[in-house]
Amino acid sequence: VQLVESGGGLVQPGGSRRLSCAASGFTFSDYAMHWYRQAPGKEREWVAVITSDGGNTNYADSVKGRFTISRDNAKNTVYLQMNSLKPEDTAVYYCRGIRRGVIYWGKGTLVTVSS
């Protein structure tokens, strides 16, 4: 089982970035998928969720209106489109799959928002 995040890097405040999380080794389309993030010196926090069929999404208040989660079950990939980025969005971003108590985590990708 693998979840591999990509797309992190350095971005200027106000900029955009799209993260991807590629899944393998399990039936991706059966799993709800989440994005979490962990800023330096802080606890990991939940960012967004998308249901297994992509029909429903939900967001943390801190990113609502700026971030969009989506998925492509044919490609076994979940995305996080991040717009209007702020320095406080700097963090390692992780994807997480969950179904009936079975949980998988990726290793994360670092996003740094700085001028």
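In this text the structure is predicted, and so the values were computed from the model without any measurement.

Novice: Which residues make up the overall build of the protein, and what values go with them?
Specialist: Each helix and strand counted, the protein has zero helices and eleven strands in total. Secondary structure of the protein in N-to-C order comes out as β-β-β-β-β-β-β-β-β-β-β. Radius of gyration (C-alpha) of the protein: 13 Å, near the 13 Å computed for a compact globule of 115 residues. Projected onto its principal axes, the C-alpha coordinates of the protein cover approximately 40 × 25 × 25 Å. Taken across its 115 residues, the protein has 42% of its residues classed as buried. Element-wise, carbon and sulfur atoms account for 45% of the exposed surface of the protein, whose accessible area totals about 6000 Å². Here the protein contributes 14 positive and 9 negative side-chain charges, whose respective centroids are spaced 3 Å apart.

Novice: Break down the sheet that holds strand E8 (residues 77-82) for me, citing the residues and quoting the values.
Specialist: Pairing between the strands of a sheet is mediated by backbone hydrogen bonds and can be parallel or antiparallel. Strand order in the open sheet formed by four strands is E1-E3-E8-E7, with antiparallel pairing between adjacent strands. Whereas interior strands pair on both sides, the edge strands pair on one side only; in this sheet they are strand E1 (2-6) and strand E7 (67-72). Sheet twist, expressed as the mean angle between neighbouring strand axes with direction ignored, is 15°.

Novice: Can you break down the side chain of Arg 37 residue by residue, with the values?
Specialist: Tracing the chain through its elements places Arg 37 in strand E4 (residues 32-38). What makes Arg 37 buried here is its relative accessible area of 6%. Within the structure, the side chain of Arg 37 is placed 2.6 Å from the side chain of Glu 45, a separation counted as a polar contact. A polar contact of 3.0 Å, which involves the side chain of Arg 37, links it to the side chain of Tyr 93. The residues touching Arg 37, leaving out its near neighbours within four places in the chain, are Glu 43, Arg 44, Glu 45, Val 47, Ser 62, Val 63, Phe 67, Glu 88, Asp 89, Ala 91, Val 92 and Tyr 93.

Novice: Residues and numbers for the state of the cysteines, please.
Specialist: Going through the model one piece at a time under the given rule, you end up with one disulfide. With its sulfur 1.9 Å from that of its partner, Cys 21 forms a disulfide with Cys 95. In this structure the cystine formed by Cys 21 and Cys 95 twists about its S-S bond by roughly 50°; its chirality is therefore right-handed. Of this pair, Cys 21 sits in strand E3 (residues 17-24) while Cys 95 sits in strand E9 (residues 91-99); the two residues are 74 residues apart in sequence, bridging distant segments of the chain. With a relative accessible area of 0%, Cys 21 lands in the buried category.

What counts, and at which threshold
Residues numbered from 1 in each chain as written. Predicted model: local features only at pLDDT ≥ 70, side-chain atom pairs only at ≥ 80, totals over all residues. Heavy atoms only, no water. Helix = DSSP H or I, 4+ residues; strand = E, 2+ residues; numbered from the N terminus. Rg over C-alpha atoms; globule rule 2.2 N^0.38 Å. Buried < 20%, exposed > 50% of the residue type's maximum accessible area, 1.4 Å probe, protein only. Areas by Shrake-Rupley, 256 points an atom, 1.4 Å probe, with all protein chains shown as cover. Lys, Arg positive; Asp, Glu negative; His and termini not counted. Charge placed at Lys NZ, Arg CZ, Asp CG, Glu CD. Pairing = 2+ DSSP bridges. Axes fitted to C-alpha atoms, helices over the stretch in contact; angles between N-to-C directions. Polar contact = N/O pair within 3.5 Å; in protein donor to acceptor, adjacent residues only side chain to side chain. Contact = heavy atoms within 4.5 Å. Disulfide = S-S within 2.5 Å.

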